[in-house]
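# Fold and contact review
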Amino acid sequence: MVSPNLKKFTKLHSLDLQDCNIYLQEGKTRSRTIGRAIMVRTLSCFENLSRLDLSFNYLLGCLGEILDALRIPLEFLSLRNCDLNENDLECLAKSKHALSLQELNLSKICQFSIYDNDRISSNNLFKVVFCFKNVKLLNLAQNHFQDSSIPSFCEKLPQNLGKLQYLDIAGNVLTEDSVLQICKSLAKVRHFQWFRLTCSNNLLDEALGHLNQAHENALQAKLRICSLLSGLGRTDIHIEIVRLSYAIFVDLMDVMELWDNFPKRVKRFMKTCVFLYIRMTEFHAFYMFHFCFCWTINKETILILLYFVFSIICMIPLLQNKQYHMNLLCVCLDNKVLNWDKFCL
């Protein structure tokens, strides 16, 4: 939670509150009202705050109050992996910050959930981003975008995001045709410089293929994209392709974090097993298993059981690997958690 002592630093220009266990809920109960009031009073003390990072916090239904509490319009805002709903997104779009924001991170806010909670749909997220007319850096990674929503997005992009310079949609499994559509629209944005993405024409081939083949596919896709942009006179745009395997791996780590009642040490152990297995054996079928599983199973008990069994299976080929034992020992005995966020897209 945010410490009241922060109010002493009234001249702050930038504030990083990511992963601070901030848990705010809408409602009129005493505990919920007090929590929101503390947050609002703290943020209202900063006279010059223009950069705010709230990533990895629970703000469901409360973002509007937080934004209203700020003294001046923000230039930078990160809401990566925050628990938000449609109303929060609408409040952001209508806030005083909408036209001042130059850097906006909305990655991973359309979260996968095994529960039927109120969550933001990827289609609505696409519509809302056009409210940020002056944004230069936009991160929309890992939001489960669908190919069907790309044509309408591309049609409105040049007119509404004319100052955009950097766009990140990595971790969204889109076909190459959809990616090329986006590239055509980005080519019309005069100052655009950098595009980060994930694309796959055949999800099954990508999942089951060897690592070298996946790398070759990504390289060929990049060449086709660069060729298209060159034909449109935009040789200045840099293309970065993130492999599908890494995108789904990060998703898997998030699913494991949903197990609130599962011991942290066990979750850490399972993550390490899966991570080292993937890195050492280049086995991509696991990604396909996870991808299909997330969309077909909605019972937490089954989810935990199958992942646990699969983690044990992943261990078997590694029992003779000394480096694996050393890494596993470091995590389990020294109580050091791997920094999973460095794999985030």
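It should be noted that the structure appears before, not after, this text.
Below you will find a few notes about this structure. Keep in mind that what you see is a predicted model, and the values were worked out from it rather than measured.

## Looking at the environment of N85
Here N85 is to be found in the loop between β3 (76-78) and α3 (86-94). Overall, the relative accessible area of 5% leaves N85 in the buried class. Separated by 35 residues in sequence, N85 and I120 place their C-alpha atoms 5.3 Å apart. Here D88 takes part through its backbone nitrogen, which lies 2.9 Å from a polar atom of the side chain of N85.

## Regarding the environment of S230
If you trace the backbone, S230 turns up in helix α8 (residues 211-231). On the basis of relative accessibility, which here comes to 40%, the residue S230 falls in the partly exposed class. Residues S230 and A187 lie 43 residues apart in sequence; the distance between their C-alpha atoms is 9.5 Å.

## Re the sheet that holds strand β2 (residues 51-53)
Judged by pairing direction, the sheet is parallel, and its eight strands sit side by side in the order β1-β2-β3-β4-β5-β6-β7-β8 without closing on themselves. Bordering the open sheet on either side are β1 (14-16) and β8 (238-241), each of which pairs with just one other strand. Put simply, the sheet's adjacent strands are angled 5° from each other on average, direction ignored. Both strand β6 (residues 166-168) and strand β7 (residues 194-197) contribute to a ladder of three bridges, which runs parallel. Across the sheet, D168 pairs through a bridge with R196, a residue of β7. Seen against the sheet, helix α6 (residues 176-186) touches β6 and β7 and runs at an angle of roughly 165° to β7.

Cut-off values and rules
Numbers given for residues are sequential positions, taken from 1 along each chain in its written order. Where local features are concerned, this predicted model is filtered to residues with pLDDT of at least 70; where side-chain atom pairs are given and counted, the filter is 80 or more; whole-chain, interface and lining totals use all residues. Remark: hydrogens and water are excluded; side-chain values derive from all non-hydrogen atoms of the structure. Numbering of helices and strands runs from the N terminus, with a helix taken as a DSSP run of H or I at least four residues long and a strand as a DSSP run of E at least two residues long. We call a residue buried when its accessible area falls under 20% of the maximum for its residue type, exposed when it is over 50%, and partly exposed in between, using a 1.4 Å probe and counting protein chains only. Polar contact criterion, stated in full: a pair of N or O atoms within 3.5 Å, where within protein one must be able to donate a hydrogen and the other to accept it, and residues adjacent in sequence count only if both atoms are side-chain atoms. If DSSP finds at least two bridges between two strands, the strands pair. Note on method: axes are straight lines fitted to C-alpha atoms, helices fitted across the in-contact stretch only, with angles between N-to-C directions ranging 0 to 180 degrees. Residue contacts are counted whenever heavy atoms from the two residues lie within 4.5 Å of one another.

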